[in-house]
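Listed here are the chains, written in short residue letters.
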Amino acid sequence: PPFTTSTMQQEASRKLNFQARRTMKVAQELYEGVEIQGVGSVGLITYMRTDSLRISEEARAAHTEFVKSAFGDKYLPEKPRYFKTRAGAQDGHEAIRPANVTLTPAKVKSSLTNDQYKLYNLIWCRYVASLMAACEQATVKIEIKGSKKETPDEFCMFSASGYSVKFDGFTALYEEQTDEKKEKETALPPLENDTKLKVKDIETVQKFTQPPSEYTEATLIKALEENGIGRPSTYAPIIYTITEKGYVERDAKKLIPTALGITINDLLEQQFKDIVNVKFSADMENSLDEIEEGSKEWTQVLGEFYESFSKDLAKAQEEMEGKKVKVPDVVTDEICEMCGKPMVIKTGKFGKFLACSGF
């Protein structure tokens, strides 16, 4: 489907290595308007904070004409493609799409900054591809029976699969990236039943079950959306806050929890179980929607929240009075020149610093 705020941020992270704040800053520029040579100042995309997958009929008609002229009739689906917006989504705006599909990335490239061009190209290609014909592939699977001549009744079965593209369809323009690593299928040589094959080599590979990967910005935004936490305008500020406060650190694309972040999280979970959990955040979002719709009074929602929160807060103040929470030291590979012990990273009131573990 075309982009929503969430999927745009995810794909920009995967394909362009943009952080969410950078994506939203550039999208804001494209929405507000850019001076295009020979055209003037124009907004290049629709509103960039949206949950909706809706496309206006006027935009669909313009898309159809463009694809016909640029790719040909065969690249249009037999029936127009519509996408269903998820339940509870905000549908006040369309999906993110180019405001004028005929302003191709190539036409406007010279008038855009590098970041603007990259994001506009991503949005434009995704939108145009989303309403094009499907890609058609011919898939094939072969089974190979392997045995020794002297013991034909004792055999092993091997299998291989591959594909060839019969019609490229929307993939002529765009292919989505995913966070999961998939085994790549390859083209297979022409084969017929009962073809005699000769073993060239046999490789054995041992695999182990791996723990879940750390979050990247893309997978964290996806998880926030799936759990009903936040809104299109809040994904980028959430990630900015947890990194700026030192609760997580960036390691390439991964977001790694820090000792400070883990300590604070554990403390808050212990003292405020009713609040520091996924269900509370999602339920509060639903309550805010109900207030907006007029089915709930804001005073009722605040009253229900504060009744339990005030008790938890009073209890936490009593239990934590005068207590200090130690953030665990993080051992490094560096060795102290004075005593030969490992150096550690300590976290204090004024930030982090390197110290000898012997002190």
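Residues numbered from 1 in each chain as written. Predicted model: local features only at pLDDT ≥ 70, side-chain atom pairs only at ≥ 80, totals over all residues. Heavy atoms only, no water.

A. Main features of the overall build of the protein chain. Secondary structure summary: the protein chain contains 10 helices and 9 strands in total. At 28 Å, the protein chain has a C-alpha radius of gyration far larger than the 21 Å of a compact globule built from 359 residues. For the protein chain, the spread of C-alpha atoms along the principal axes amounts to about 80 × 70 × 45 Å. Within the protein chain, buried positions represent 31% of all 359 residues. Within the protein chain, contacts between residues separated by at least 24 positions form 65% of all contacts whose residues are at least 6 apart in sequence. Approximately 24200 Å² of the protein chain is accessible, and the part contributed by carbon and sulfur atoms is 52%. Charged side chains of the protein chain number 49 positive and 56 negative; the gap between the two group centres comes to 4 Å. (Helix = DSSP H or I, 4+ residues; strand = E, 2+ residues; numbered from the N terminus. Rg over C-alpha atoms; globule rule 2.2 N^0.38 Å. Buried < 20%, exposed > 50% of the residue type's maximum accessible area, 1.4 Å probe, protein only. Contact = heavy atoms within 4.5 Å. Areas by Shrake-Rupley, 256 points an atom, 1.4 Å probe, with all protein chains shown as cover. Lys, Arg positive; Asp, Glu negative; His and termini not counted. Charge placed at Lys NZ, Arg CZ, Asp CG, Glu CD.)

B. Spatial organisation of the pattern of salt bridges. The tally for this structure, following the rule as stated, stands at 12 salt bridges. Linking R60 and E57 is a salt bridge whose minimum nitrogen-to-oxygen distance equals 3.9 Å. Of this pair, R60 and E57 both sit in helix α3 (residues 57–70), 3 residues apart, which is roughly one turn of the helix. R60 gets classed as buried once you look at its relative accessible area, which sits at 9%. Here R231 ties to E285 by a salt bridge, and the two come within 3.7 Å at their closest N and O atoms. Highlighted residues: R231 in the loop between α6 (217–226) and α7 (235–244) and E285 in helix α9 (residues 278–293), separated in sequence by 54 residues. Among the residues examined, R231 registers a relative accessible area of 13% and is labelled buried. Residue classification places E285 among the buried residues on the basis of a relative accessible area of 17%. Each of E11, R14 and K15 takes part in a single network of salt bridges with overlapping partners. (Salt bridge = Lys/Arg side-chain N within 4 Å of Asp/Glu carboxyl O.)

C. Broad picture of the packing of α6 against α7. Relative orientation of the contacting elements α6 and α7 amounts to 120°, with a least axis distance of 11 Å. Judged on the interaxial angle alone, α7 and α6 are oblique. Considering only the axes of α6 and α7, their crossing is right-handed. Side by side, α6 and α7 meet where E217, L220, I221, L224 and E225 of the first sit next to Y235, I238, I239 and I242 of the second. Class assignment of the residues belonging to the contact of α6 with α7 gives a composition of 7 nonpolar, no polar and 2 charged. (Axes fitted to C-alpha atoms, helices over the stretch in contact; angles between N-to-C directions. Parallel < 35°, antiparallel > 145°, perpendicular 65-115°, else oblique. Left-handed = near helix turned anticlockwise from the far one by under 90°. Nonpolar A, V, L, I, M, F, W, Y, C, P; charged D, E, K, R; others polar.)

D. Quick peek at the packing of α9 against helix α10 (residues 298–320). In contact at an axis separation of 9 Å, α9 and α10 are set at 160° when each is read in the N-to-C sense. One finds that α9 runs roughly antiparallel with respect to α10. For the pair α9 and α10, the sense of crossing is right-handed. Residues F280, M284, S287 and I291 of α9 lie in contact with α10, whose contacting residues are W298, V301 and F305.

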